[in-house]
Every structure is written in structure tokens, then in C-alpha cells.
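Report on the structure
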Amino acid sequence: MGQPNIHLISLDESPLDTAAAHIIQHTSGLPDLAHIQIILDDIASAPSLRHSLLSHAGAKGYPALLGPEILTLEQWLHVYTPGNVTICPEQARLLILVEALYNAPKLLGQANAWSLADSLLGLFDELTLNRVSIHEDLDAFANNLARWYSLKHTEFHGLQHEAALVHQLWHAWHTQLQAQGLADPVTVKIQAMQNSLQSQHARVERHFIGIEPTSYSETEWIKALASQSSNHIWLHGNPRSHHNLADQGMLEFIEKTGWQIDSDRKPNDYEHVLHSVFDTERQLVDRAEAVRESIPRSPLTERLKLFSAHNAEQEAHAIDLQVRQWLLEGKTRIGIVTENRRLARRVRAILERADVLLQDGAGWALSTTRAAACIEALMLCIEDDFASDSLLDLLKSPFLFPDTQPETLKKLTYRLEHDIINNEGIASHLQRYKNGIQDRVERLTDIWPVNPANVIALLDRVDEASKPLQAIYKGRNASLLSALQALLESLHALGIYAAMQDDAAGLRILQMLDNMHNAGERHSFETNWQGFRAWLGRNMETHYFRPSSSGGPVVLCSLNQAIHQKFDALVIAGIEQDYLPGAPTRSPFFNDAVRQQLGLITRRTTNRTRLYQFYRLLFAAPSILLTHRQEEDGEPIGESPWLSAIRTFHEHAYDDNLQNIQLHALLQTGKTEVMRCDTLQLPDKQQRPAPAVHGTQLPHAISATAYQQLLNCPYQFFAARCLELKPPEEIQKVLSKKEYGERVHLCLQAFHSNLERYPGPFEQELTVNNRDAAIQLMLEITDVVFQFDLKDNYTHRGWYHQWREVIPTYIDWQIARNQTIKVYAVEAAKEINIDNKLMIKGRLDRIDSDADGLYVLDYKTGSTPRKYEIQNGEKIQLPFYALLCNDEALPIKQVEYLQLGQHGQFKPVFPQAGEELEELAEKIGARL
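So, here's what we can say about the structure. (Residues numbered from 1 in each chain as written. Predicted model: local features only at pLDDT ≥ 70, side-chain atom pairs only at ≥ 80, totals over all residues. Heavy atoms only, no water.)

**Some remarks on the overall build of the protein chain**
Looking only at helices and strands, the protein chain features 39 helices and 23 strands. Structurally, the protein chain occupies a C-alpha span of about 115 × 70 × 70 Å along its principal axes. In the protein chain, which comprises 928 residues, the proportion classed as buried is 51%. Across the protein chain, the fraction of contacts at a sequence separation of at least 24, relative to all contacts at a separation of at least 6, is 76%. (Helix = DSSP H or I, 4+ residues; strand = E, 2+ residues; numbered from the N terminus. Buried < 20%, exposed > 50% of the residue type's maximum accessible area, 1.4 Å probe, protein only. Contact = heavy atoms within 4.5 Å.)

See below:
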């Protein structure tokens, strides 16, 4: 016999609407519902519940209601919280545990204290909720842990660290709480649940909707609630078989409670098919055949559709198009459910462009907001010595210096970026920027369009405002509180704090910082800059910003927020392995076997819970679209196994993959996107560009690089050489491979020729006897060439040492070559006319000679062309150099690359000589 106050709501029904109908139907004294309390798992469901209550009351002739009181479980339990306890705030809990880890360096080892503390807090909460105690004696706890792992004593050595860490931190944490007069919030929650069982009022009727226990304490508590007739428990689902993956969690919970729930409702065809999809009793093919025999026509095709997008952008546009179609059909409540917040934000942007209003219940992490980006730019400025990227991000933030006219700040920032950072090539350090400004003023006084003193004043202001943070960064250690106070001081001085007070997300960040400050005042300890950054970053990631609701017809929410709601139409988006079931939060403590013995949440229970949430959503609307993307940045994306199960089952049963063909066709037309145009008229139809080169635009001379560019891309040659357009130069913070090659060329030039300001050249006849002297000279030249690079960036030492390793090999090769071939010229600039029509020019790295002819060498520190590319005329540098030497008294005998590789590797490659070279050079010249 069933229990009358435990209500099982079928999957096709709305839990909120069904409960509302029951309350109105069975309550005497309408419209007075003041004696009724409704406790929900999520307050976001409250508006829908109120609407249903008013709708059913209106049907009975009551247009308004007095009450009921609608609360979340947390709000309801707060009334029963013991009044004589001080609950430890979440921030303080974390700090207490992190300090304990810092004080136990042997236990902490190389682990990150902040992430480890997060994992420990989660574990401690689970242990408390499941009434698992950790024995005061470490050996006793270690023996228990060995038993849970099913290990013999001789096998337990590897887990002793885990036992010691959990045991010591558990007791240290509780001892610290007790010493500070604080109570663990989970323990207080259990006390509140117990108190609620003792504080029952005969006149008060309570309805618990969607409260699903996940621990022993919660299960025992809800069992006790159900034994009191004034409490009503509402469960959503119609579980029938342990063989069905989606039913297992609900059935196990009902078994734990011992409830006898009668459910004689016969499932409809739609439910029967979906139930068969997730059944594990038989093979999929057998289940599909059985379903096709009993239900010849698929009940899914009119209600459920799939959309497999090529990428995330196509998926977002498909959702946008489907939602707008549903709105045109008159649907007034449309849900978009996804765990992919990046996709959610893109969908929101596209829909808002079409003037579709959304209610976003999920929000996003504070770290992804513009306000957080401003703080991150400031922190990176401190860490990277005001590197250009970070500094420009800070200066371009709308939160910086709100007391300055935006146009003025924008102009000063532009001049700094364009004139000083880009043109002067200064990549970091405030004083370098200022020096660059002064140098530029001295050279270009009459044409610089802004007062340089204003740019310097801006940098001075940033420098002065950030000094509190600079002091923390440069110091060895500081307390968390002093580091946070330094951040707040800098935010105030930069005007960021005041600007954030006028921004919704910024205000949420300031509230978070205030909570951190309160925790730091009560419990602070010394740490380094990385520790403070970890604390700040952790809070930015774990705190969320939810924009104010627009009250629109479209609801954007997470899986957990949508499970008890009903919609006119629904999109379940991002159904991929990474999100459904998704990777569970892995704890570094206890494997799943141990967790299962202790009653803790395992990966299996997490996946089972999420499957049941997904399964219930398949009944939440009469029209449902399931979407996923097939790839991201060229990499395939695995679809969710649950989506794959539905599609594969339906293909076997009904020879239909449920793809929304119509939606695919509409997207391919290219006429379904909403475009915002800022002009009254559409632009004229554009023709394919056909550039023409006037005679005055032709370059006077062609280099090997220009010739190669012409072969690779004629239009690029036209833009670069005829129109003389150049891309903006990127500021190099680290020596590039090209710049490294230039340094090596300079070293070789100084060694073989008289180059001002550098040691060299080596004036003796190079032989085995003076090998060491030659190497020493080349090393001295190298030190001079690389000296500024080594001062500028420590990573440049890698390039420096790479060249030093090559030097002995190069000298040995040169000694052997000197026996027959001598250096003729280095860095030789050449110009020559071809058929009196065209001039070609170039600078040859080196020309050697013997009695019979010349040898052209081109140094290569990077990759060289393939041999077949040279021989078939695709890479023209070597034969082009041969053309350049046609005016020499001696003939060209050979051209080749000198490969200066890594780890001392050095070798000549791809020599071109004789008739082959002559023929190739002639063809190259004729083609040009």
C-alpha cells in the first residue's frame, strides 16, 4: 500500500504544475494558503510555480491567493539553525585549511595548497554528511583505510601518505574551528535538519518538490519527514526497472527509504521507446526490433529532432534559427539547456541581435567578465614589468580612470601603442616607454600630434597607482590581508574600484573582494605572490555573475536548473562527451571502490544522476531539438553516449537518424541570419577585384625575396611591392629565428671582414695551428653581437649557446676549405640588368673563389627548401644568386646553402653547379 503524502509524478507531467494542482484541489479555505510552505531545490522554479498556483486557483474562481510561502531548502533550514553557533564562512574555511597545509610541508610536498584544500573541503563535507568519522589514532585510521582498499598490511605502504594527509588535516581543521569558536557549516546543516523534525506545527503543511538526497544524513532526514503527515514529498519520475540506466538512481533511493509507492500508470509509446533506449537487459538490436514490432510508427519523429553541427558557430546559429521559428509559431516558453557556457554566451549574443529577450539563470564565472579582465591585466602588468600587451589591455579597459575623458585616454593610448611600442619597438618597462617618448620627441618634435608630457603623465599615474601591488610582488612574503589591501588600494587609485560600482559584474566582484577581506581580517597568514594569485583566481572562477532577467520568452539555463520545469519547446545543446556526462570532479583522495563503501559520491553515481536529469528533460516539452558539434579547430568532438544511444537505437528500429533536415537546409541558404546594418542603403554589389599595375608602380629592381613572393602569390606581390603596403610589425619579446639568423650572419661577417665596432677580422691564414685562436675570436664576436639580447631576455641564452656550439665545427670546415678555396667577399651587394629591361638586386652572404671560378654561399639557420623545389624552379634563391654574379670576371662554378643547425650541426646542402646550374639560372631569368 502506498503512502499518501509521497507523490510520484510521471515524466510527461510538470512537477510544479502537478503539485500546484494538488495543493489548490485539496486545500480548504481558499484563497488563503498562508499555512502552506513549498520548499524547492532551486528558487529559479518559483515564478513557474506561482503561475501554476494562480492558474489553478483562477479556474476555481479565485483570481488572487494569500500565500503560500515559497523557499529554497537552504532558506527553510536557516530557520532551524541553532542560534548559539557562529558558522564558519566559506572563505575562512578555505584559509584555515590552506594554512594548515602550509604548516605541514612534508604532507603538502609539491602539490598546490589551494586546489588541494578545495578537494579536502569537498571530501570533509561528504564524510560529515555520510556520518563517516576519522579515528583519532592515525594507525587505526590507516588500518581502516587499508580495509576499505582491500589491501594487506604489507601492500599499504604507498597509501600511508594519503592516510596521514587526510587524518592530520581533518583533525587540525576541526581543532582550529573549535579554537576560533566557529562551527562547520555542514555540521550545522545536519543539526538544522534534526531540529526541523522536532519543530512541526499541526496547521502548517509543507511540500518538498525536487529535493533529491545524495548522502546518508539527507536520506535519513527525508525518510523522517515523510513519516509526518503534514509533509508532502514530490518525486519526479516513473522508474520501472533496475535494468534501465535512467531508472537506477531513483529506484535505489526509494529502496533506501523503504517507501512503498504504487504506480500503476501505463507508459505511453514515447516513454516506452525512450525507456528501451537505455535498457541494458538485452542487446540494442534486439530491443530495437521488439519496439518496432510493438510500435510500428515512431513516436519520436514528431517530438524529437537532432542537429549535428560542423562546428560551434553553426550550432549556435542553428539554435538561434530554431528558437526564432518557434517564436513565430506562437510558443511562449522556450528553454535552452546547456552545460557549455561558451556556447550559451554565443547563443545569447546571436538571439539578442535578433531582439529576442532571454532569462539567463546560469550566468558565468566572474573570471570571464570585462571587469575581471581589467584586474587580470593589472596583475599581469605587475608580473611582466608592464609588458606591452598587458599594459595596453589595462589602458584600453573601460574601467580605468573614469575621471578622464574617454577620448583623451583613447588618443594617448593610441599614440603610446603606435608610436612608442610599435615604431620604437619597446616591449616592456615603464621607464623604457618614457625614454622612448623622449627620444621620439627629440627627433620628431614638429610632427608628433600629442603633447608627450601627457603620455608620460599617464604612465606616471599608472606607475604610482600600482606601487602598492609592486611592493607586494617584489617582496618575499606578505600576509594575504596585506596583499588584498594592496590590490584594493591600487584599484582605488586607478579608478577601477569606482567604475566597477556602476557595473553589474563589477559590483559582484567588489562584493567577492569584500568577503575575501572579511575572511582575511579574521584569518590571515603569510604567503608569496603566487599564493595570493591562487586565492584571487580561485574566487574569480568559483563565483558567478547572473545578469538581471529580461523576463523574455526564452530561458537559458543549466541541466540542474531545468529538470523540474516544463516548456513549450526545448533545445538541449552541446550534447557532447565533454559535457554530458562530462568529466567528473576528480578527488585526489580515495578511489571509487573506497568511496562506494563509505557511501560517498562515485563517478558512477555522478553519471547516473546526470543521465536521469537528461532523461527527464526529454519529456519536458512537446518539441525538442538535441544539438552537438562534430569538430573544433579541426579536431573531432565525441558526441555524448546518451545522444549516440538515441540516434543508433532509432536508426535500427525505424531506419531514421532523427536529423532535422529542414533546419540544415535553411541554414545552407545563407538567408536566415539577422544582420544589423548601420546604413540606410545596402552597399553596391561588389565585383571580384582585378588589380592593374601602372608603370610607375613597378619596382625598379627585383630581389630574390620579391621574385619568390611573385611566384608564391602574385596578389601578395602586388600589395607589398607595387602598392608598398606592409602589415603592422609585431613587437618581439623573444628573439625570433629570423633575428637569430641575422645575429649569426653578423658574427660571420665580422670574422671574415673588417666590421666597425666588432672584434675581427681573423687576419691570419686559417690553419690547424691557429684553430684555437680563430675559435676564441669568433666567441668574442658572438659575445658582442648577442650582448644586448642576453640583457633583455634570459631565454635568449638558448640561441646564444646554440650558435656557440656550432662555432668549432664551422672553423674546422673553414680550415679544410681554405686549402683550395678562399673567401672572396662577404655581404656583397649586387645589381645587374637582364636583357637591358629589368634590374635584379640582392645581397649575397658570401662569395668564395679559386683559380677557376666563384662559389656563392647562403647561410641558413632555419629550414632549407627541398631539393626538387630548387631543381624544378619553385624555389629560386640559389639560381637567382648565380644570375647576380654574371658580371664577375670569373665564372660561377657553384651555389649552395650552408646549414648552421642545432647542437653543433653544420653542413653544406644542395650544391648547384655546372650545366644544371647554368640552365636553371637561364630559365629563372627568362621567366622573370
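Having seen it, we continue.
**Quick word on the nonpolar core**
Counting 107 residues, the largest nonpolar core has Phe124, Tyr433, Leu487, Leu513 and Phe590 as the members making the most contacts within it. The residues touching Tyr433, leaving out its near neighbours within four places in the chain, are Phe386, Ala387, Ser388, Leu391, Leu416, Ile420, Ile421, Ile426, Ala427, Ser428 and Leu459. In terms of nonpolar packing, the next biggest core, distinct from the first, is built from 67 residues, Leu129, Ile190, Met250 and Leu611 among them. (Core = buried A, V, L, I, M, F, W, Y, C linked by side-chain atoms within 4.5 Å.)

**Points about the environment of Gln597**
Here Gln597 is to be found in helix H28 (residues 592–598). Residue classification places Gln597 among the partly exposed positions, given a relative accessible area of 48%. Expressed as a C-alpha distance, the spacing of Gln597 and Leu459, which sit 138 residues apart in the sequence, is 61 Å. Here Gln597 is in contact with Arg147, Trp148 and Ser150, once residues within four sequence places are set aside.

**Quick notes on the packing of helix H14 (residues 312–328) against helix H31 (residues 661–668)**
It is at 10 Å that the axes of H14 and H31 come closest, and there the two elements cross at 110 degrees. Relative to H31, the element H14 is oriented roughly perpendicular. Two secondary-structure elements touch here, H14 through Gln314, His317, Ala318, Leu321, Gln322 and Gln325 and H31 through Gln662, Leu663, Leu666 and Leu667. Classifying every residue of the contact of H14 with H31 gives 5 nonpolar, 5 polar and no charged. (Axes fitted to C-alpha atoms, helices over the stretch in contact; angles between N-to-C directions. Parallel < 35°, antiparallel > 145°, perpendicular 65-115°, else oblique. Nonpolar A, V, L, I, M, F, W, Y, C, P; charged D, E, K, R; others polar.)

**Examining the sheet that holds strand S3 (residues 69–72)**
As summarised here, the arrangement of the 5 strands in space is S1-S5-S4-S2-S3, forming an open sheet in which the pairing is parallel. Whereas interior strands pair on both sides, the edge strands pair on one side only; in this sheet they are strand S1 (6–9) and S3. Sheet twist, expressed as the average angle between the axes of neighbouring strands with direction ignored, equals 20 degrees. When strand S2 (residues 36–40) meets strand S4 (residues 205–209), the two strands line up parallel, connected through 5 bridges. Along S4, the bridge assignment pairs Leu40 with Ile209. (Pairing = 2+ DSSP bridges.)

**What to know about the packing of aromatic side chains**
Where two aromatic rings form a pair, the distance of their centres and the angle of their planes describe that pair. Across all of its chains, the model carries 22 aromatic pairs by this definition. Measuring from ring centre to ring centre gives 5.8 Å for Phe786 and Tyr800, while their planes differ by 65 degrees; the resulting arrangement is edge-to-face. Of the two residues, Phe786 sits in helix H35 (residues 771–792) while Tyr800 sits in helix H36 (residues 797–817), which places them 14 residues apart along the sequence. We classify Phe786 as buried; its relative accessible area is 0%. With a relative accessible area of 8%, Tyr800 lands in the buried category. One aromatic cluster in this structure is built from Trp76, Tyr80, Phe208 and Trp221. Above the ring of Tyr270, the side-chain terminus of Arg303 is found at 4.1 Å from the ring centroid. A cation sits over an aromatic face here: Arg817 above Tyr855, 5.7 Å from the ring centre. (Phe/Tyr/Trp six-rings, centres within 6.5 Å; stacked < 30°, edge-to-face > 60°. Lys NZ or Arg CZ within 6 Å of the ring centre and 35° of its normal.)

**A closer look at the sheet that holds strand S7 (residues 334–337)**
Ordered in space as S6-S15-S14-S7-S13-S8, the 6 strands form an open sheet in which the pairing is parallel. Strands at the two margins of the open sheet, each flanked by one partner only, are strand S6 (304–309) and strand S8 (358–360). This sheet shows a mean twist of 15 degrees between the axes of neighbouring strands, independent of strand direction. Where S7 and strand S13 (residues 554–557) come together, 4 bridges link them in parallel fashion. Along S13, the bridge assignment pairs Gly335 with Val555. Taken strand by strand, helix H15 (residues 341–353) contacts S7, S8 and S13, and its axis lies near 155 degrees from that of S8.

**A look at the packing of helix H16 (residues 370–383) against helix H25 (residues 529–542)**
For the pair H16 and H25, the least separation of the axes is 12 Å and the interaxial angle reads 170 degrees. On the basis of the axis angle, H16 is roughly antiparallel to H25. Crossing hand, H16 versus H25: left-handed. On H25, the residues that touch Ala372, Ile375, Glu376, Met379, Leu380, Ile382 and Glu383 of H16 are Trp529, Phe532, Arg533, Leu536 and Met540. A breakdown of the residues in the contact of H16 with H25 according to their chemical character gives 9 nonpolar, no polar and 3 charged. (Left-handed = near helix turned anticlockwise from the far one by under 90°.)

**So, helix H12 (residues 269–277)**
By the criterion of burial, H12 is predominantly enclosed, with 7 of the 9 residues buried. For H12, the set of buried residues is Tyr270, Glu271, Val273, Leu274, His275, Ser276 and Val277. Along its buried surface, H12 packs onto helix H13 (284–294), S6, helix H29 (603–617), strand S15 (624–629) and helix H30 (641–654). Between the side-chain oxygen of the N-cap and the backbone nitrogen of Tyr270 there are 3.2 Å, and the N-cap of H12 in question is Asn268. (Polar contact = N/O pair within 3.5 Å; in protein donor to acceptor, adjacent residues only side chain to side chain.)

**A short note on the environment of Asn454**
In this structure, Asn454 sits in helix H20 (residues 452–465). By relative accessible area, which is 40% here, Asn454 ends up partly exposed.

**A look at the side chain of Ser623**
With respect to the helices, strands and loops of the structure, Ser623 is situated in the loop between H29 and S15. Overall, the relative accessible area of 18% leaves Ser623 in the buried class. Apart from residues lying up to four places away in sequence, Ser623 is in contact with Arg303, Trp326, Lys331, Asp568, Ala569 and Leu570.

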